[in-house]
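# Coordinate inspection notes
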Amino acid sequence: MTASETAMTLAFSAAQAAADKKAFAINLRDVTSKIALTDVFVIVSASNERQVHAVVDAVEERLIKEHDTRPLRREGKGGDQWVLLDYNEIVVHVFHQEARDFYGLDGLWKDCPEIEFVDQAEVERERRAEVSGAEDEDER
């Protein structure tokens, strides 16, 4: 079994919201073969506690705005070190980098297929840079 289309759509939206807030090490895992309760884990890192909150807020706002969905459950582990957002089809884990290293969640789910995520904002920045560079070449 693989992740549902709804889960994939929500996971990509959550991951993009996190990327837009400069989250890094974004890892999406299809966990359908191991867990019956959810389809995709979205695991992201933030540099500090303030960024953890910003990423969590961005994910919640994006999923409400674009998909009219709110988390069924929101939990924080270790204060501002790890926040879990449970949307049923997906579970979003936002970690402070040190907590992510400590808990090793990525290693626990390494047997589950990784889902490729491409930061669309980064793709657009690169495209604009190429266009700008080509325009500069034309002016010479």
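One can find the structure itself at the top, above this paragraph.
Here the residue numbering is sequential within each chain, running from 1 through the sequence in written order. Residue-level local features of this predicted model are given only where pLDDT is at least 70; pairs of side-chain atoms are given and counted only at 80 or more, and the full residue set underlies all totals for whole chains, interfaces and linings. To obtain the side-chain values, all non-hydrogen atoms of the structure were used and water was disregarded.

### Overview of the overall build of the protein
The condition is simple: A run of H or I in DSSP counts as a helix once it spans at least four residues, and a run of E counts as a strand once it spans at least two, with each numbered from the N terminus. Throughout this description, buried means an accessible area under 20% of the type-specific maximum (1.4 Å probe, protein chains only), exposed means over 50%, and partly exposed covers the range between. In what follows, residue pairs with any heavy atoms lying within 4.5 Å of each other are defined as contacts. All accessible areas in this document rest on Shrake-Rupley with a 1.4 Å probe, and a residue is counted as covered only by the protein chains that are shown.
If you tally the helices and strands in the protein, you get five helices and six strands. Considering only C-alpha atoms, the protein reaches an extent of 60 × 35 × 30 Å along its principal axes. Counting over 140 residues, the protein shows a buried share of 41%. In the protein, 63% of the contacts between residues at least 6 apart in sequence involve partners at least 24 apart. Accessible surface, the protein: about 8200 Å² in total, of which carbon and sulfur atoms supply 48%.

### Some words on unusual backbone geometry
For Lys 22, which is not a glycine, the phi torsion comes out positive at approximately 70°. Along the chain, Lys 22 turns up in the loop between α1 (5-20) and β1 (24-30). Of the residues examined, Lys 22 reaches a relative accessible area of 55% and is grouped as exposed. One non-glycine residue, Ala 25, adopts positive backbone phi at about 50°. Looking at where Ala 25 falls in the secondary structure, it is placed in strand β1. For Ala 25, a relative accessible area of 42% corresponds to the partly exposed category.

### Observations concerning the packing of α1 against helix α2 (residues 49-67)
We apply this condition: Angles shown run from 0 to 180 degrees and are taken between the N-to-C directions of axes, each axis being a line fitted to C-alpha atoms and, for helices, limited to the stretch in contact. Each angle gets one of four labels, with under 35 degrees taken as roughly parallel, over 145 as roughly antiparallel, 65 to 115 as roughly perpendicular, and the rest as oblique. Helix crossings get a hand from a simple test, with the near helix turned counterclockwise from the far one by less than a right angle marking a left-handed crossing and a clockwise turn marking a right-handed one. As a working rule, the residues Ala, Val, Leu, Ile, Met, Phe, Trp, Tyr, Cys and Pro are called nonpolar, Asp, Glu, Lys and Arg charged, and the rest polar, with Gly in that last group.
It is at 8 Å that the axes of α1 and α2 come closest, and there the two elements cross at 135°. The pairing of α1 with α2 is recorded here as oblique in orientation. Considering how the two elements wind past one another, α1 and α2 form a crossing that is right-handed. Counted together, Thr 9, Leu 10, Ser 13, Ala 14, Gln 16, Ala 17, Ala 18 and Asp 20 of α1 and Val 55, Ala 58, Val 59, Arg 62, Leu 63, Glu 66 and His 67 of α2 form the full contact between these two elements. A breakdown of the residues in the contact of α1 with α2 according to their chemical character gives eight nonpolar, four polar and three charged.

### Looking at the pattern of salt bridges
To keep things clear, this is the line we draw: What counts as a salt bridge is simple: a side-chain nitrogen of Lys or Arg found within 4 Å of a carboxyl oxygen of Asp or Glu.
Applying the stated criterion across every chain, the model contains 10 salt bridges. With a shortest N-O distance of 3.0 Å, Glu 60 and Arg 74 are connected by a salt bridge. You can see Glu 60 sitting in helix α2 and its partner Arg 74 sitting in strand β3 (residues 73-77), a full 14 residues away along the chain. The buried category is assigned to Glu 60, whose relative accessible area is 14%. Arg 74 sits in the partly exposed class, given a relative accessible area of 43%. The salt bridge involving Asp 106 is made with Arg 100; its shortest N-O contact spans 2.8 Å. When its relative accessible area of 7% is taken as the criterion, Arg 100 is described as buried.

### A closer look at the packing of aromatic side chains
Condition: A pair of aromatic rings is counted whenever rings of Phe, Tyr or Trp (Trp by its six-membered ring) have centres within 6.5 Å, and the orientation is called stacked for planes under 30 degrees apart, edge-to-face for over 60 and tilted otherwise.
As enumerated under the stated definition, the model contains four aromatic pairs in all. Ring geometry for Phe 41 versus Trp 109: centroids 5.1 Å apart, planes at 85°, classification edge-to-face. Linking Phe 41 in strand β2 (residues 40-46) with Trp 109 in the loop between α4 (105-108) and β6 (114-115), this pair joins segments that are 68 residues apart in sequence. Each of the two residues, Phe 41 as well as Trp 109, counts as buried. A centroid spacing of 4.6 Å and a plane angle of 25° characterise the contact between Trp 82 and Phe 95, whose relative ring orientation is stacked. Within this pair, whereas Trp 82 is found in strand β4 (residues 82-86), its partner Phe 95 is found in strand β5 (residues 90-96), the two being separated by 13 residues in sequence. The same class applies to Trp 82 as to Phe 95, namely buried.

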